[in-house]
Amino acid sequence: PLLSMEEGGMLGSEIETADRSALTLQAVLKDVKVRTAASLGARVHMYHSHPNAAVRDEILASGLDFLGDVDEHPTIGSLREAKGWLHGDYSSSSLRPSLADALRNGDISCGSVRVPRGYVCKSIDEQHAAFKELKADDPSIRIVLKPTDGLGCAGLVLDATEADLAPVNTKSFIKGELYTIEEMIGAKGGPSPTVYMCGSTPIAIADQVMEGASNVGNFIPSTAPSKMQQAMVEAGKAIGDYLGLRGQWGLDFVVDEATQNPVIVDLNMGRPNGNLSYFLWHSRQTPPPALASHELFQTVLERVGPMGETAGEFVQLLRNAGLLWHAGCAEGVLPAMHISGMSSSIVVASWKSRNAL
């Protein structure tokens, strides 16, 4: 939220140049301190998105516990560009480490799990050179183009041609200068399971629902074969240990159609993913005694309600329709994030089956 001049303690033009997120953090820390002052022994944890060391120290100095990982990682650099750690640089003069190198050197052991062939390119010329090199090794290979600092599949191009590379087509490029050219594995819209981790501990394995290059939601639990799920979990544990991660992060996979082995195609680190709160909610649910199933099936959907609708009104709407989730029910809808007239999130859950969900 944007703070007012009064809340920020500033006047005139000072507010224009202030770091709004820093002011918000200060206001939140002050508010939490007031709210918890009377609660002796209360422990409050703060999970900040992409915090640096200064933010971590400010949170700890306020008396709160700090969760997550700071953005400045000794191996990866900025966790915002973790997906760029997947491959080495195209330039042979670079000594930047990569996951591909760690797997090749045996520093990380992931069994049958691998990464696609590919490079991180720092210029337009390198993009075209890397594209031609991969094609020269295997003319039938398909190519994926993606920015190393993109979120939510922004800028991703599947089955890319040279016409998709800059400067011929710049519409797919968002920000930054680093772009990955890599081998495309699997079919468009094919299986794309993802593992959510906290440090070296797996939280959940989900099936991403893909429409073209966009992820439009997840289903848990995953329907991937148990052997594949175990391989993905072991890869998450090995990478989490190697990097010394503490916070929430995730690995996205596709399936090699020839071997049926999972292939790592994306890394997301440094911020509490929205699904974390849904998984925490999931972990607190207990099955109704009348049902034989002990697996809670869950997905998250987007909803845009009418302008002016309050969260209470939406809850009442669900209650009137018999859809509101409550303890002891077999299935229902849980409002997760509500913004009047704008895109909001709902959790849909069922103890019955994925089909019922």
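Residues numbered from 1 in each chain as written. Predicted model: local features only at pLDDT ≥ 70, side-chain atom pairs only at ≥ 80, totals over all residues. Heavy atoms only, no water.

Chemist: An account of the overall build of the protein is requested, with residue identities and associated values reported.
Modeler: Helix and strand counts for the protein stand at nine helices and 15 strands. Put simply, the protein has 357 residues, and 42% of those count as buried. By element, 54% of the accessible surface of the protein is carried by carbon and sulfur atoms, the whole surface being about 18600 Å². (Helix = DSSP H or I, 4+ residues; strand = E, 2+ residues; numbered from the N terminus. Buried < 20%, exposed > 50% of the residue type's maximum accessible area, 1.4 Å probe, protein only. Areas by Shrake-Rupley, 256 points an atom, 1.4 Å probe, with all protein chains shown as cover.)

Chemist: Quick one: what's the story with a nonpolar patch on the surface, residue by residue and with numbers?
Modeler: On the surface, a nonpolar cluster with roughly 260 Å² of combined accessible area is contributed by Met337, Ile339 and Met342. Tracing the chain through its elements places Ile339 in the loop between β14 (331-337) and β15 (343-350). The class for Ile339 is partly exposed, based on a relative accessible area of 34%. (Patch = residues over 30% accessible without salt bridge, like charges linked within 9 Å, V, L, I, M, F, W, Y side chains within 5 Å. Salt bridge = Lys/Arg side-chain N within 4 Å of Asp/Glu carboxyl O.)

Chemist: Can you lay out the nonpolar core for me, pointing to particular residues and giving the numbers?
Modeler: Among the nonpolar cores identified, the biggest contains 32 residues, and Leu99, Ile239, Ile264, Leu267 and Met269 are the most heavily contacted of them. Counting residues per element, the ones that place at least two in this core are α5 (99-105), β8 (193-198), α7 (226-243), β11 (248-255) and β12 (262-268). Among the elements that make up this core, the one with the highest residue count is α7 (eight residues). (Core = buried A, V, L, I, M, F, W, Y, C linked by side-chain atoms within 4.5 Å.)

Chemist: How would you summarise the packing of helix α3 (residues 20-36) against helix α4 (residues 53-61) if you had to cite specific residues and measurements?
Modeler: Packing of α3 against α4 leaves a shortest axis separation of 10 Å and a crossing angle of 20°. As judged from the angle between their axes, α3 and α4 are roughly parallel. Of the two possible hands of crossing, α3 and α4 adopt the one that is right-handed. For the pair α3 and α4, the contacting residues are Leu25, Gln26 and Leu29 in the first and Val55, Glu58 and Ile59 in the second. Along the lines of polarity and charge, the residues of the contact of α3 with α4 split into four nonpolar, one polar and one charged. (Axes fitted to C-alpha atoms, helices over the stretch in contact; angles between N-to-C directions. Parallel < 35°, antiparallel > 145°, perpendicular 65-115°, else oblique. Left-handed = near helix turned anticlockwise from the far one by under 90°. Contact = heavy atoms within 4.5 Å. Nonpolar A, V, L, I, M, F, W, Y, C, P; charged D, E, K, R; others polar.)

Chemist: Help me get a handle on the side chain of Asp71, residues and values and all.
Modeler: Take Asp71: it is sitting in the loop between β2 (65-67) and β3 (72-73). Judged by relative accessible area, which is 13%, Asp71 ranks as buried. Within the local environment of Asp71, its side chain forms a polar contact with the side chain of Ser78, the two groups lying 3.1 Å apart. Here Arg80 takes part through its backbone nitrogen, which lies 3.4 Å from a polar atom of the side chain of Asp71. In contact with Asp71, other than residues within four places in its own chain, are His50, Pro51, Asn52, Gly77, Ser78, Leu79 and Arg80. (Polar contact = N/O pair within 3.5 Å; in protein donor to acceptor, adjacent residues only side chain to side chain.)

Chemist: Describe in detail the pattern of salt bridges, supporting the description with residues and values.
Modeler: For the structure on display, the rule yields 14 salt bridges. Where Arg80 meets Asp71, a salt bridge forms, and the shortest distance between an N and an O atom there is 3.8 Å. When the shortest N-O distance is used, the salt bridge between Arg114 and Asp256 registers 3.3 Å. Note that Arg114 is positioned in the loop between α5 and β5 (118-121) and Asp256 in the loop between β11 and β12, a separation of 142 residues in sequence. Members of the salt-bridge network, linked through shared partners, are Arg114, Arg117, Glu183 and Asp256.

Chemist: Could you give an account of the sheet that holds strand β7 (residues 179-183), naming the residues involved and the relevant values?
Modeler: Adjacent strands of a sheet pair through backbone hydrogen bonds, lying either parallel or antiparallel. The sheet built from three strands is open, its strands ordered β5-β7-β6 with antiparallel pairing. The sheet is open, and its two borders are formed by β5 and β6 (143-147), each paired with just one other strand. Between one strand axis and the next, the sheet turns by 15° as a mean value, whatever way the strands run. (Pairing = 2+ DSSP bridges.)

Chemist: Residues and numbers for the confidence of the model for the protein, please.
Modeler: When pLDDT is averaged along the protein, the result is 85; 87% of the residues meet or exceed 70. Here residues 1-15 is a poorly scored stretch, pLDDT under 50, and it has 18 contacts once near neighbours within four places are set aside; other chains count. Below pLDDT 50 for its whole length, residues 168-176 participates in 20 contacts with residues either more than four positions away or in separate chains. (pLDDT = per-residue confidence, 0-100.)

Chemist: If you had to explain helix α6 (residues 124-137) to someone new, which residues and values would you point to?
Modeler: Compared with the 20 Å implied by 1.5 Å per residue over 14 residues, the 20 Å span of α6 between its first and last C-alpha is a close match. Taken together, the buried positions of α6 are occupied by Glu126, Gln127, His128, Ala130, Phe131 and Leu134. Looking at the packing, one finds that the buried side of α6 touches β5, β6 and β7. (Expected span 1.5 Å × (residues − 1).)

Chemist: Quick rundown of the packing of aromatic side chains? Include the residues and the values.
Modeler: Applying the stated criterion across every chain, the model contains four aromatic pairs. Between Trp281 and Trp325, the ring centres sit 5.3 Å apart and the planes meet at 70°, which makes this aromatic pair edge-to-face. One end of the pair, Trp281, is in helix α8 (residues 275-283); the other, Trp325, is in the loop between α9 (311-320) and β14, and 44 residues separate them in sequence. Taking relative accessible area as the criterion, Trp325 reaches 9% and is therefore assigned buried. The ring of Phe314 has Arg303 sitting right over it, with the charged end atom 3.8 Å from the ring centre. (Phe/Tyr/Trp six-rings, centres within 6.5 Å; stacked < 30°, edge-to-face > 60°. Lys NZ or Arg CZ within 6 Å of the ring centre and 35° of its normal.)

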